[in-house]
Amino acid sequence: MAFFDVPKDEDITPEARQWLDELRRLRGVETLWRSWQVYGPRILKARVTAEDNLFNQSSGQSAFSWEARNMAFMLVAHARRCDGCFGGSRRHLMALGFDEPALDGFCANPTGLPLPDRERLFVKYVLQLATDPAQLQPKDFREMEAQGLSRENVQEMIGFAAFAVFNTIFVTATSTALRDD
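Residues numbered from 1 in each chain as written. Predicted model: local features only at pLDDT ≥ 70, side-chain atom pairs only at ≥ 80, totals over all residues. Heavy atoms only, no water.

S.K.: How should I be thinking about the overall build of the chain in this particular structure?
M.R.: Across its full length, the chain holds eight helices and zero strands. Going from the N terminus to the C terminus, the chain shows its helices and strands as α-α-α-α-α-α-α-α. By the compact-globule yardstick of 16 Å for 181 residues, the chain fits well, its C-alpha radius of gyration being 17 Å. For the chain, the C-alpha atoms occupy an extent of roughly 55 × 35 × 30 Å along the three principal directions. Out of the 181 residues belonging to the chain, those deemed buried represent 42%. A sequence separation of at least 24 residues applies to 65% of the contacts in the chain between residues at least 6 apart. Here the chain has roughly 10100 Å² of accessible surface; of this, 52% comes from carbon and sulfur atoms. Side-chain charges in the chain split into 21 positive and 25 negative, and the spacing between the mean points of these groups amounts to 3 Å. (Helix = DSSP H or I, 4+ residues; strand = E, 2+ residues; numbered from the N terminus. Rg over C-alpha atoms; globule rule 2.2 N^0.38 Å. Buried < 20%, exposed > 50% of the residue type's maximum accessible area, 1.4 Å probe, protein only. Contact = heavy atoms within 4.5 Å. Areas by Shrake-Rupley, 256 points an atom, 1.4 Å probe, with all protein chains shown as cover. Lys, Arg positive; Asp, Glu negative; His and termini not counted. Charge placed at Lys NZ, Arg CZ, Asp CG, Glu CD.)

S.K.: Would you mind going over the nonpolar core with me for this structure?
M.R.: Nonpolar side chains tend toward joint burial in soluble globular proteins. M71, M74, F122, V123, V126 and M157 are the most contacted members of the largest nonpolar core, which totals 41 residues. Among the elements of the structure, α3 (66–79), α4 (83–95), α5 (100–108), α6 (117–131) and α8 (151–178) are those that each provide at least two residues to this core. For this core, the element with the highest residue contribution is α3, accounting for nine residues. When neighbours within four sequence positions are excluded, M74 is seen to be in contact with F86, S89, R90, L93, L103, F106 and C107. Counting 14 residues, the second-largest nonpolar core is a separate cluster that includes I12, L23, L32 and V38. (Core = buried A, V, L, I, M, F, W, Y, C linked by side-chain atoms within 4.5 Å.)

S.K.: Is there a simple way to explain α3 in this structure?
M.R.: Helical geometry: 3.6 residues make up each α-helical turn, so side chains three or four residues apart lie on a common side. In a regular helix each residue adds 1.5 Å, so 14 residues correspond to 20 Å; α3 covers 20 Å between its end C-alpha atoms and thus fits that length. Burial within α3 is extensive, with 11 of its 14 residues counted as buried. All of the buried residues along α3 are W66, A68, R69, N70, M71, A72, F73, M74, L75, V76 and A77. As for α3, its buried residues are in contact with α2 (41–54), α4, α5, α6 and α8. R81, located one to two residues past α3, shows a positive phi value of around 60 degrees. (Expected span 1.5 Å × (residues − 1).)

S.K.: What exactly am I supposed to notice about the side chain of E119 here?
M.R.: Take E119: it is sitting in helix α6. Ignoring sequence-local partners within four residues, the contact set of E119 consists of A63, F64, S65 and A68.

S.K.: Looking at this structure, how should I read the pattern of salt bridges?
M.R.: Opposite charge on two side chains allows them to pair when their charged atoms are near. Going through the model one piece at a time under the given rule, you end up with 10 salt bridges. Here D140 and K139 are joined by a salt bridge, their closest N and O atoms 3.3 Å apart. The class for D140 is buried, based on a relative accessible area of 5%. Between E145 and R142 there is a salt bridge, and its shortest N-O distance comes to 3.4 Å. Residue E145 and its partner R142 are both found in helix α7 (residues 138–146); the two are separated by three residues, about one turn of the helix. (Salt bridge = Lys/Arg side-chain N within 4 Å of Asp/Glu carboxyl O.)

In structure tokens:
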């Protein structure tokens, strides 16, 4: 028996429904993965707000391309073994024209991404922040600055890495809690 139950549609609270509707609107979709319905309004608000601020394609707020953000997200998901996140980011990248062999190649060699240097640096440091932030040294921040990244850009990278980790935890843990023993 699963630990979490997905509530029936009529059992979703109005406040939770509001956040689910907002997420559908942000993503431009009609349906969401069922795990979203497991959480109450406080957690949904946090997740939707984070996604809107850090991973929303249409917000126009990011200093980094949609391609770079999806490549970083895919590599973080791959490193953290989050199947749902990995699959979702690959679908985004395939919609942008990348094929499966290319995506497999990115996972095998993240330094060879078909991105401008500045965006490869974004991916490199997002992956490092998400997988082993203790490795960062003060010189790394000077390297980022020397590559033309502003302090705001670096803060966005840190936030994006935190969002990617945050999301992989939710997806992996919720997927497990929804499975039968």
